Amino acid sequence: MSSHTVSQRYLSTRGGSYDLSFEDVVLKGLASDGGLFIPEEIPSLPEDWASKWQHLSFSDLAYEIFSLFISPSEIPSEDLRNIILRSYSTFRTKEVTPTVTLDTERNIHLLELFHGPTFAFKDVALQFLGNLFEYFLVRRNQGKVGRDREHLTVIGATSGDTGSAAIYGLRGKKDVSVFIMHPDGKVSPVQEAQMTTVMDANVHNIAVDGTFDDCQDFVKALFADPEINKTHRLAAVNSINWARILAQITYYFYSYFTLINSSSFVSGATVRFVVPTGNFGDILAGYFAKRMGLPSEKLVIATNENDILHRFWKTGKYEKKPVHGQEAEGGFVEDGAKAHVDGVKETLSPAMDILVSSNFERLLWYLAYRVYSSDSDSVQQRRATAGEHVRNWLNELKSEGGFHVDESILAAASEDFESERVSDEETLRTIKEVYSWPSPAAKKTSTNGYILDPHSAIGIAATLRSIERSPPPTTHHIALATAHPAKFSRAVDMALNAEKGFSFDKVLPEELAGLEDKPRRLNKCKKADGWEGVRRMVIGEVEAELAAAERAGRRNGSQSHS
Ligand SMILES: Cc1ncc(COP(=O)(O)O)c(C=O)c1O
Ligand SMILES: N[C@@H](CCOP(=O)(O)O)C(=O)O
C-alpha cells in the first residue's frame, strides 16, 4: 500500500467485507456483524524509513505513518498535516511522548504517554479522533442547515481514562453529542471529576451501577441495535474504533527513534516494549508497528489481577472467570480480601479492571489467518476462514464464558508476545522501589524520586521479570507509562506516604488542582434497565440538545467550530 494509491478498504474480524473506506470505518466504529474493522493489508515501511524518519518530530512521524493507511484521495495531505498538528499542539511537551531512562545499568526506559490534556495515553489518539470527526462532519455538512446536517452521537465506555480523553477531544464540537458510560464509584476521584465537571452542552456522562464490562456491553448492544441506528449516526471513541489503534502506532516508532538516537543504544541491541494492558488496544498498536517492520523483539503484556490475557498466554484458554485457586505466574488467582464484581476484581489500577479485552478479537483474526490457511487458498478464502474462526470463538465466549485455542494458535501468539500478571502488592512495591532509584528520569522531576502511577508500575514490575529472560546489555526495555500519578492518589499515597519528604500535593499538576470541588453534571443508569435504558436516555438527550441548538441558531451551518 503506497501513500499515493487509493485508500485501502477494511474488513470485519467476523468475516464480513463491506468495501468500506477509512472515513466509513472511522465514522461507523463497529462492523454490522459485530466485528471490529481491520485494514485489508498491513502496509510495510518504505525502504529508507529508518534514515528518513529517524529525526522527525512526533507530528511529522505521525503524518508519515498515517499516510501509509490514508491516501490523499480521502484526506488531502495538507489537511491531514493540519489535523495532526492541531491534535498534538495541545500537549504540554514538545516531544508529545518523550522517552526517559529509569535505569541506565539495566536499560529500562519509560515512554511517557501522559502529557496530553487529560494526563493519560488516550489523549494521543483521542485528540486526533476528535479533530478527525470534526473534519469529516464539516466536509459532509457544507451548505446544509438544521435537521439536514449530519449529527454524530458518540457512545463510549470507560474505566476512567478513555472517557475524559474523549470528552476533552470532543467538547464543544459542532454536530457531535458525546455519551460516556462509566462504572459508578469505580473510577478514581480525579477521573470522575475530569469527566463530570465539563459543562459543554454536547457532553453527557452516565454512571452505571455495574462494571466497565457492563458499560462496554451496552456500547456494543447499541451499535447492534437497528432502531437507534435508523435514527442516529452512532460513532465510537473506544479502541474498537480503528483510528484509535492507528494513532497509537506513532509512539512506538517515536520511542524507538528516541532510544536509538541516544548514546545508551549500541547498534544491534534489541528492544522490548512492555505494555500495561486491559482492553488490548495499546499493545495492539505495538503489534501493528511490529508487523509493519519496527524492530521490536517482543511485546510484553502486563496485566493486573484481572488477568484473562495472561491466562490465555499461559494456557490457550480465554475464559471470563478464573477457576478458584488456579495457578498463575506470580501467585495464585484467589479472592483475597477485595470485592469481585461479576468476575472483575477491583484493583489499585482501576483503568485496567476489565474482564474481556475487546481488541483481542483483532489479534485472533491475524493469528487464525496465519495458522489456518494454506498457501493454495486465495486471499478471499483465507480471510473468510479467519473470520469464521473468530466468529466461532466469540460465540463460544458469549455462550460458554470462554474458549480454548489449539497449540498452533498459542505458538503463533507467543512469537510476538509474552505476558506477566502483577498483583496489587507488587504494584505498590514497584512504585516504592522506583521512587528510590537515582535515575536520570528522577533528576528531571520536582519530587525526590520518580513517581509511577499504578498502571505504569505494572509495566515496570513486568519489565523486571522480562529482564530475567532477556537481560542487558543487549536488550533495552521500553515500558509504557500510561497515566500521570496524580490521577491515582490512592495507590500512590499507599505506596509512598511513609517516604520522607513525600507529599501528594507535589504530584498534583495545577490543571488538576481544585477540580474535585467544581460543579458536576451526570446521569445515573441502572444496570437492570439494560442497554435499552441507555438508549432511551441517549435519544431523549440528543433530541433536547438539538432542539436547544436550533433555538439558539447554532445549526445554521455558519458558525465556526471550536
Ligand atoms: C492508565 C491506563 N493504563 C493502561 C490501560 C490499558 O490499555 P488498553 O486498554 O489499551 O490495554 C488503560 C485503559 O485502557 C489505562 O487507562
Ligand atoms: N482503560 C480504558 C478502558 C476502555 O478502553 P479503550 O481503550 O477501548 O477505550 C479507560 O480508561 O476507559
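- Per an unreviewed UniProt entry, the protein is named Threonine synthase, and its organism is Delitschia confertaspora ATCC 74209.
- Regarding the protein, the UniProt comment filed under Function (unreviewed entry) reads as follows: "Catalyzes the gamma-elimination of phosphate from L-phosphohomoserine and the beta-addition of water to produce L-threonine."
- For the record of the protein, the UniProt heading Catalytic activity (unreviewed entry) holds the text "O-phospho-L-homoserine + H2O = L-threonine + phosphate".

Concerning the overall build of the protein
Piece 1. Across its full length, the protein carries 20 helices and 20 strands.
Piece 2. Expected size for 562 residues packed as a compact globule is a radius of gyration near 24 Å; at 22 Å, the protein falls within 12% of this value.
Piece 3. Each of the three principal axes of the protein carries a C-alpha extent, and together these read 65 × 60 × 50 Å.
Piece 4. Residues counted as buried form 61% of the 562 residues belonging to the protein.
Piece 5. Considering only contacts within the protein whose residues lie at least 6 apart along the sequence, 77% involve residues at least 24 apart.
Piece 6. Accessible surface for the protein amounts to roughly 21200 Å². Of this, 49% is attributable to carbon and sulfur atoms.
Piece 7. Each charge class in the protein was averaged separately, 62 positive and 75 negative side chains, and the resulting centres sit 3 Å apart.

A closer look at the site of ligand 1
Piece 1. Taken together, 15 residues surround ligand 1, and among them Lys 122, Asp 161, Gly 278, Asn 279 and Thr 482 come closest.
Piece 2. Gly 278 places a main-chain nitrogen or oxygen 2.7 Å from an oxygen atom of ligand 1.
Piece 3. In the complex, 98% of the free accessible area of ligand 1, which totals 380 Å², lies under the protein chains.
Piece 4. The site holding ligand 1 turns out to be the largest cavity.
Piece 5. In terms of residue class, the shell around ligand 1 is built from six nonpolar, six polar and three charged.

Thoughts on the site of ligand 2
Piece 1. Close contacts around ligand 2 come from 13 residues, with Thr 158, Asp 161, Thr 162, Asn 238 and Ser 239 the closest.
Piece 2. One of the side-chain nitrogen or oxygen atoms of Thr 162 is found 2.6 Å away from an oxygen atom of ligand 2.
Piece 3. Side-chain polar atom of Asn 238 to an oxygen atom of ligand 2: 2.7 Å apart, as the coordinates give it.
Piece 4. Among the detected pockets, ligand 2 sits in the largest cavity.

A look at the sheet that holds strand β3 (residues 37-39)
The strands making up a sheet associate through hydrogen bonds between their backbones, and the pairing can be parallel or antiparallel.
Piece 1. Taken together, the three strands give an open sheet; going across it, the order is β2-β1-β3, and neighbouring strands pair in antiparallel fashion. The open sheet has two edge strands, β2 (17-20) and β3, and neither has a second partner. Put simply, the sheet's adjacent strands are angled 35 degrees from each other on average, direction ignored.
Piece 2. In this sheet, β3 lies alongside strand β1 (residues 10-12) in antiparallel orientation, the contact comprising three bridges. Bridged to Ser 12 within β3 is Phe 37.
Piece 3. Together, β1 and β3 form the strand contacts of helix α13 (residues 360-371), whose direction differs from that of β3 by roughly 50 degrees.

As for the sheet that holds strand β6 (residues 152-157)
Piece 1. If you trace the five strands from one edge of the open sheet to the other, you get β9-β6-β7-β8-β20, paired in parallel fashion. Strands at the two margins of the open sheet, each flanked by one partner only, are β9 (233-236) and β20 (523-525). Across the sheet, the mean angle from the axis of one strand to that of its neighbour is 30 degrees, orientation sign disregarded.
Piece 2. The sheet contacts of helix α5 (residues 122-140) involve β6, β7 (176-183) and β9, and relative to β9 the element is tilted by about 155 degrees.

Some words on the packing of helix α4 (residues 77-88) against α5
Piece 1. Close contact between α4 and α5 brings their axes to 9 Å; oriented N to C, the two are set at 135 degrees. In terms of orientation, α4 and α5 fall into the oblique class. α5 is crossed by α4, and the crossing has right-handed handedness. Seen from α4, the contacting residues are Asp 79, Leu 80, Ile 83, Ile 84, Arg 86, Ser 87 and Tyr 88; seen from α5, they are Val 124, Gln 127, Phe 128, Asn 131, Leu 132, Glu 134 and Tyr 135.
Piece 2. In the contact of α4 with α5, the residues fall into eight nonpolar, three polar and three charged.

Quick word on the nonpolar core
Piece 1. Within the largest apolar cluster, 117 residues are counted, with the highest numbers of intra-cluster contacts made by Phe 66, Tyr 88 and Phe 253.
Piece 2. It is helix α10 (residues 242-260) that contributes the most residues to this core, 13 residues altogether.
Piece 3. Once residues lying within four places of it in the same chain are set aside, the contact partners of Phe 66 are Leu 80, Ile 84, Tyr 88, Phe 128, Leu 246, Ala 247 and Thr 250.
Piece 4. The next biggest cluster of nonpolar side chains, apart from the first, holds 43 residues, and it includes Val 100, Phe 119, Ala 193 and Ala 481.

Overview of empty space enclosed by the protein
Piece 1. Within the structure shown, the criterion is met by four cavities of 30 Å³ or more.
Piece 2. Empty space within the largest cavity amounts to approximately 290 Å³.
Piece 3. Here the lining of the largest cavity takes three residues from helix α11 (residues 281-292), the largest share from any one element.
Piece 4. Here the residues of the lining of the largest cavity sort into 10 nonpolar, 11 polar and four charged.

Some details on the UniProt feature "modified residue: N6-(pyridoxal phosphate)lysine" (unreviewed entry) in the protein
Piece 1. Mapped onto the present numbering, the UniProt feature "modified residue: N6-(pyridoxal phosphate)lysine" (unreviewed entry) falls on Lys 122.
Piece 2. With respect to the helices and strands, the residue Lys 122 is situated in helix α5.
Piece 3. With relative accessibility at 14%, the residue Lys 122 sits in the buried group.
Piece 4. If near-sequence neighbours (up to four positions away) are discounted, Lys 122 is found in contact with Asp 161, Thr 162, Ala 165 and Arg 244.

A short note on the packing of α5 against helix α6 (residues 161-170)
Piece 1. Between α5 and α6, the least distance of the axes is 8 Å, while the angle of their chain directions is 35 degrees. Where α5 crosses over α6, the two elements pack in a sense that is right-handed. For the pair α5 and α6, the contacting residues are Lys 122, Asp 123, Leu 126, Gln 127, Gly 130 and Phe 133 in the first and Asp 161, Thr 162, Ala 165, Ala 166, Tyr 168, Gly 169 and Leu 170 in the second.
Piece 2. Residues that form the contact of α5 with α6 fall into these classes: six nonpolar, four polar and three charged.

Describing the side chain of Glu 420
Piece 1. The topology assignment puts Glu 420 in strand β18 (residues 417-421).
Piece 2. Residue Glu 420 is classed as buried on the basis of its relative accessible area, which comes to 1%.
Piece 3. A distance of 2.7 Å separates a polar atom in the side chain of Glu 420 from a polar atom in the side chain of Arg 469.

Observations regarding the packing of aromatic side chains
Piece 1. For the structure shown, the criterion picks out 35 aromatic pairs.
Piece 2. A centroid spacing of 5.3 Å and a plane angle of 75 degrees characterise the contact between Phe 58 and Tyr 254, whose relative ring orientation is edge-to-face. Of this pair, Phe 58 sits in helix α3 (residues 58-67) while Tyr 254 sits in helix α10, placing them 196 residues apart in sequence.
Piece 3. Among the residues examined, Phe 58 registers a relative accessible area of 1% and is labelled buried.
Piece 4. Taking 6.4 Å as the distance between ring centres and 45 degrees as the angle between the ring planes, the aromatic pair formed by Tyr 372 and Trp 393 counts as tilted. With Tyr 372 in the loop between α13 and α14 (379-400) and Trp 393 in helix α14, this pair connects stretches of sequence that are 21 residues apart.
Piece 5. Given the relative accessible area of 7%, Trp 393 is considered buried.
Piece 6. A cation sits over an aromatic face here: Arg 81 above Tyr 63, 3.8 Å from the ring centre.
Piece 7. Sitting over the ring of Phe 119, Arg 92 keeps its end group 3.7 Å from the ring centre.

Reading the values: the criteria
- Residues numbered from 1 in each chain as written.
- Chains lettered and ligands numbered in written order.
- Predicted model: local features only at pLDDT ≥ 70, side-chain atom pairs only at ≥ 80, totals over all residues.
- Heavy atoms only, no water.
- UniProt positions renumbered as here; feature names shortened; annotations may be inferred.
- Helix = DSSP H or I, 4+ residues; strand = E, 2+ residues; numbered from the N terminus.
- Rg over C-alpha atoms; globule rule 2.2 N^0.38 Å.
- Buried < 20%, exposed > 50% of the residue type's maximum accessible area, 1.4 Å probe, protein only.
- Contact = heavy atoms within 4.5 Å.
- Areas by Shrake-Rupley, 256 points an atom, 1.4 Å probe, with all protein chains shown as cover.
- Lys, Arg positive; Asp, Glu negative; His and termini not counted.
- Charge placed at Lys NZ, Arg CZ, Asp CG, Glu CD.
- Near = heavy atom within 4 Å.
- Polar contact = N/O pair within 3.5 Å; in protein donor to acceptor, adjacent residues only side chain to side chain.
- 1 Å grid on protein atoms, 1.4 Å probe; cavity = no way out; pocket = protein on both sides within 12 Å on 5 of 7 lines; lining within 4 Å.
- Sits in = over half its atoms within 2 Å of the grid points.
- Nonpolar A, V, L, I, M, F, W, Y, C, P; charged D, E, K, R; others polar.
- Pairing = 2+ DSSP bridges.
- Axes fitted to C-alpha atoms, helices over the stretch in contact; angles between N-to-C directions.
- Parallel < 35°, antiparallel > 145°, perpendicular 65-115°, else oblique.
- Left-handed = near helix turned anticlockwise from the far one by under 90°.
- Core = buried A, V, L, I, M, F, W, Y, C linked by side-chain atoms within 4.5 Å.
- Points joined across faces, edges and corners; volume = space filled by probe spheres on them.
- Phe/Tyr/Trp six-rings, centres within 6.5 Å; stacked < 30°, edge-to-face > 60°.
- Lys NZ or Arg CZ within 6 Å of the ring centre and 35° of its normal.

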